[in-house]
There are 2 protein chains.
Amino acid sequence: MPNQDGTGPRWMHGKFKCCGYRMTKPREAILDVLENTQEHLSAEDIYLAVHKFYPNIGLTTVYRNLEMLVNIEMIVKFDFGEGKSKYELSDHYSGKGHHHHLVCKECYKVVDYSDFMKDEVNFLKSTEDGLSKKYKFNITDHLIQFFGVCEKCSNK
Amino acid sequence: MPNQDGTGPRWMHGKFKCCGYRMTKPREAILDVLENTQEHLSAEDIYLAVHKFYPNIGLTTVYRNLEMLVNIEMIVKFDFGEGKSKYELSDHYSGKGHHHHLVCKECYKVVDYSDFMKDEVNFLKSTEDGLSKKYKFNITDHLIQFFGVCEKCSNK
DNA sequence: CTCCTATTGGTAATGGTTGTCATTAACAAA
DNA sequence: TTTGTTAATGACAACCATTACCAATAGGAG
Ligand SMILES: [Mn+2]
Ligand SMILES: [Mn+2]
Ligand SMILES: [Zn+2]
Ligand SMILES: [Zn+2]
């Protein structure tokens, strides 16, 4: 899905420029892929998707740009225990909003959930404050994942 | 610290036998290392520590046994984003009891904390119940980690 | 349009982890 | 204690996600 409408500069252009980065085909393509999926993609997933439209974009470039995009917080990197990292657009850009993950230990299916966020927010607020003070940490982030076995995998 | 007191079968003997596993030097040595540290060790850390007492125990054996020990839930495997897994005795065997982790993104220092567990337990209970029902997951486990920058790394 | 330099793509290297297989040793049974 | 079965080991090679390297390319400011 490269720039379907051909309407000039993309939304991410400003963000890039203001961070001192150039707007390039690979970057645009990678973000396009992430915009148009609900899934959590690996570097290779993204490489393959990008490859369909720009067969000359290399896997190395995908890795490099994923790292850069994580740094400027346009995307987030996750480890679900599968042996490779997965990526998704960060809360601000994704439309999904802030959410956590429920992971099947058998098939690695990942469910986004944002239920129970009231409880979570309370819990996180108080815990982060307490931990920051007690352990002199400047806390910037948290990771909450539940693991289990999905319905499909239970019936086997 | 191999079997300091020489008083025959170790505490883990029973657990092993009842699971159909044999009691071997490498297994005993690995558990000894994990018993005598407060840190979160990598496979290689453990290999090196074991190596001092049993120089002929191989790294492969360490990996194999770590996997086995995770399976029978005597130890727990963690990923703190460092590119290699870390291991510690599981709650039941460690004396630390159930706890979560605070991780420095700069130096990968890991702090065990069990403060604020009342809030956590409430939050986890209700969330797990809700998620189990809504998403038909049989939830067995959770991962809660806070990330930030430790005091030492802040002053640089 | 030009120039500077960030970025790229191909390829080799890295490093944690796993697979293979002949040899060894735990331990149940005799 | 001796024996037999087979789980477990150790050395080594292979795997695979990720990184390093470097010469060639292409953003985009001026
Ligand atoms: Mn998600
Ligand atoms: Mn711990
Ligand atoms: Zn599943
Ligand atoms: Zn630190």
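Structure report, in brief. Computed from a prediction, not measured in an experiment: that's the story for all the values here.

**Examining the packing of helix α3 (residues 43-53) of chain A against helix α4 (residues 59-71) of chain A**
Residues and elements named next belong to chain A.
So, step 1. Where α3 meets α4, the axes come as close as 9 Å, and the angle between the chain directions of the two elements is 120 degrees. Classified by the interaxial angle, the pair formed by α3 and α4 is oblique. Crossing angle aside, the handedness with which α3 passes α4 is right-handed. Contacts between α3 and α4 involve Ala43, Glu44, Ile46 and Tyr47 from the first element and Leu59, Val62, Tyr63 and Leu66 from the second.
So, step 2. Residue classes in the contact of α3 with α4 are distributed as 7 nonpolar, no polar and 1 charged.

**A closer look at the packing of helix α2 (residues 25-35) of chain A against α4 of chain A**
Residue and element names in this part refer to chain A.
So, step 1. Between α2 and α4, the least distance of the axes is 10 Å, while the angle of their chain directions is 70 degrees. Relative to α4, the element α2 is oriented roughly perpendicular. Seen from α2, the contacting residues are Pro26, Arg27, Ile30 and Leu31; seen from α4, they are Thr61, Val62, Asn65, Leu66, Met68 and Leu69.
So, step 2. When the residues that make up the contact of α2 with α4 are grouped by side-chain class, the tally is 7 nonpolar, 2 polar and 1 charged.

**Describing the sheet that holds strand β3 (residues 86-89) of chain A**
Whenever strands of a sheet pair, they do so through backbone hydrogen bonds, lying parallel or antiparallel.
All names here are of chain A.
So, step 1. Taken together, 3 strands build an open sheet; the order of strands is β1-β3-β2 and the sheet is antiparallel. In the strand order of this sheet, the two ends are held by β1 (41-42) and β2 (75-78), each with one partner.
So, step 2. As judged from the 2 bridges shared by β1 and β3, these two strands associate in the antiparallel manner. Residue pairing for β3: serine 42 is matched across the bridge by lysine 86.
So, step 3. Those strands touched by α4 are β2 and β3, and its axis lies near 110 degrees from that of β2.

**Considering the sheet that holds strand β2 (residues 75-78) of chain B**
Residue and element names in this part refer to chain B.
So, step 1. Spatial strand order, β1-β3-β2: 3 strands in an open sheet with antiparallel pairing. Each edge of the open sheet is held by one strand with a lone partner, namely β1 (41-42) and β2.
So, step 2. Alignment of β2 against strand β3 (residues 86-89), held across 4 bridges, turns out to be antiparallel. Note that in β3 the partner of valine 76 across the bridge is glutamate 88.

**Quick look at the protein's contact with DNA strand C**
So, step 1. Near DNA strand C lie 20 residues; those nearest to it are Thr60, Thr61 and Arg64 of chain A together with Met23 and Tyr63 of chain B.
So, step 2. Close to the protein, within 4 Å, the atoms of DNA strand C belong to sugar or phosphate groups at a rate of 65%.
So, step 3. Residue arginine 64 of chain A places a side-chain N or O atom 2.8 Å away from a base nitrogen belonging to DNA strand C.
So, step 4. Among the secondary structure elements, those contributing two or more residues to the surface near DNA strand C are α2 and α4 of chain A together with α4 (59-71) of chain B.
So, step 5. Among the elements that line the surface near DNA strand C, the one with the most residues is α4 of chain A, at 4 residues.

**Re the pattern of salt bridges**
So, step 1. In total, this model carries 8 salt bridges over all chains according to the counting rule given.
So, step 2. Its salt-bridge partner being lysine 86 of chain A, residue glutamate 82 of chain A comes within 3.1 Å of it at the nearest N-O pair.
So, step 3. A salt bridge links glutamate 88 of chain B to lysine 96 of chain B, with the shortest nitrogen-to-oxygen separation between them at 3.1 Å.
So, step 4. Several salt bridges converge on common partners, so that one network encompasses Glu88, Lys96 and Asp112 of chain A.

**Observations regarding unusual backbone geometry**
So, step 1. For glutamate 73 of chain A, which is not glycine, the phi dihedral falls at a positive 60 degrees.
So, step 2. Locating glutamate 73 of chain A in the fold gives a position in the loop between α4 and β2.
So, step 3. Phi at lysine 136 of chain B is positive, roughly 55 degrees, even though this residue is not glycine.
So, step 4. Mapped onto the elements, lysine 136 of chain B comes out in the loop between α6 (117-135) and β6 (138-149).
So, step 5. The exposure class of lysine 136 of chain B is partly exposed, given its relative accessible area of 48%.

Cut-off values and rules
- Residues numbered from 1 in each chain as written.
- Chains lettered and ligands numbered in written order.
- Predicted model: local features only at pLDDT ≥ 70, side-chain atom pairs only at ≥ 80, totals over all residues.
- Heavy atoms only, no water.
- Axes fitted to C-alpha atoms, helices over the stretch in contact; angles between N-to-C directions.
- Helix = DSSP H or I, 4+ residues; strand = E, 2+ residues; numbered from the N terminus.
- Parallel < 35°, antiparallel > 145°, perpendicular 65-115°, else oblique.
- Left-handed = near helix turned anticlockwise from the far one by under 90°.
- Contact = heavy atoms within 4.5 Å.
- Nonpolar A, V, L, I, M, F, W, Y, C, P; charged D, E, K, R; others polar.
- Pairing = 2+ DSSP bridges.
- Near = heavy atom within 4 Å.
- Polar contact = N/O pair within 3.5 Å; in protein donor to acceptor, adjacent residues only side chain to side chain.
- Salt bridge = Lys/Arg side-chain N within 4 Å of Asp/Glu carboxyl O.
- Buried < 20%, exposed > 50% of the residue type's maximum accessible area, 1.4 Å probe, protein only.

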